[in-house]
Amino acid sequence: VVLNDRPGSPDLASGLASITDAGGAASGIEADCFGRDGCQLLLDETLRRHGRIDILVSNPAFSRRCSFLDYAPELFEQTLRGTLTAGFHMSQLVARQFVKQGGGGKIVFISSVQAELPIAGSVAYNAAKAGLNHMSATIATELAQHRINVNVIEPGWIDTPNERQTFSAEQIADEGRKLPWGRLGTPTDIGRAAAFLASDAADYVTGSVFVVDGGFRAKDWRPPPTV
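Residues numbered from 1 in each chain as written. Predicted model: local features only at pLDDT ≥ 70, side-chain atom pairs only at ≥ 80, totals over all residues. Heavy atoms only, no water.

Brief notes about the pairing of strand 5 (residues 148–155)
What counts is decided by this rule: Partly exposed residues are those whose accessible area sits between 20% and 50% of the maximum for their type, while under 20% is buried and over 50% is exposed, using a 1.4 Å probe and protein chains only. What counts as a helix is a DSSP run of H or I of at least four residues, what counts as a strand is a run of E of at least two, and both are numbered from the N terminus. Between any two strands, at least two bridges found by DSSP are needed for them to pair. For crossovers, right-handed means that the path from the first strand over the helix to the second runs clockwise, given strands pointing away from the viewer.
Burial of strand 5 is extensive: 8 of the 8 residues sit out of reach of the surface. With burial as the criterion, each face of strand 5 is covered, one bearing Ile-148, Val-150, Val-152 and Glu-154 and the other bearing Asn-149, Asn-151, Ile-153 and Pro-155. Of the pairings in the sheet, the one linking strand 4 (residues 105–110) to strand 5 comprises 6 bridges and is parallel in character. Counted as the bridge partner of Ile-110 is Ile-153 from strand 5. One crossover worth recording links strand 4 to the parallel strand 5 by way of helix 4 (residues 123–143), and it is right-handed. Sheet topology note: the strand 5/strand 6 (residues 209–212) ladder contains 4 bridges and is parallel. The partner of Val-152 across the bridge, within strand 6, is Val-209.

Describing the pattern of salt bridges
For clarity, the cut-off: Any carboxyl oxygen of Asp or Glu that lies within 4 Å of a side-chain nitrogen of Lys or Arg is treated as forming a salt bridge with it.
Under the criterion given, the structure shown has 12 salt bridges. Of the charged contacts, one joins Arg-6 and Asp-5 as a salt bridge, the two residues approaching to 3.4 Å between their closest N and O atoms. A residue is classified by how much of its surface remains accessible, and Arg-6, at 47% relative accessible area, is partly exposed. Under the relative-accessibility criterion, Asp-5 is labelled buried at 19%. The structure contains a network of salt bridges with shared partners spanning Asp-174, Glu-175, Arg-177 and Lys-178.

Now the structure itself:
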């Protein structure tokens, strides 16, 4: 597994350790994949080390919450570059390599339920993830002839270190209890979905949106609890 994060990120080493501690083999590559040059660097270095690539899990994203009336134009454009355009660059470069190699390949985009839900304060992120979903469907249609599977995972509210910086442990536990599944999601929940979509078991799955949200989208329409 090759992991990428931005240069100077403190998270890359811990991600690598989690894989190697579980018995896997992993290496890290620092590159700014919000731009084309960084995506090309990541691909070139991966090919230099390993000679080929078989699976892409594409998860670049940038988000800052602000009301629509106050949203800065430059912040809107940065969010689209980091969340939508970066996904285009990375997937196009990898898809070209898949075609060159032959034998198909797997592309898994990490989107969000915010692609469907107009959550206030997130106009740019909502738009970027909605665009990502539609872009992936188009890519899946075009790449089917090359036997390249292209799918999307839509996480709901996931308990990540970033969320822990925004919300207290008590708030996270309280909000989790409000969800139909009774808790926030975890990175492991998303990882299991990605592992399935990247496996041979998902050979006949392409152009799909795989929602992993513990019922988040339906949380306001639940029936009263039964005893």
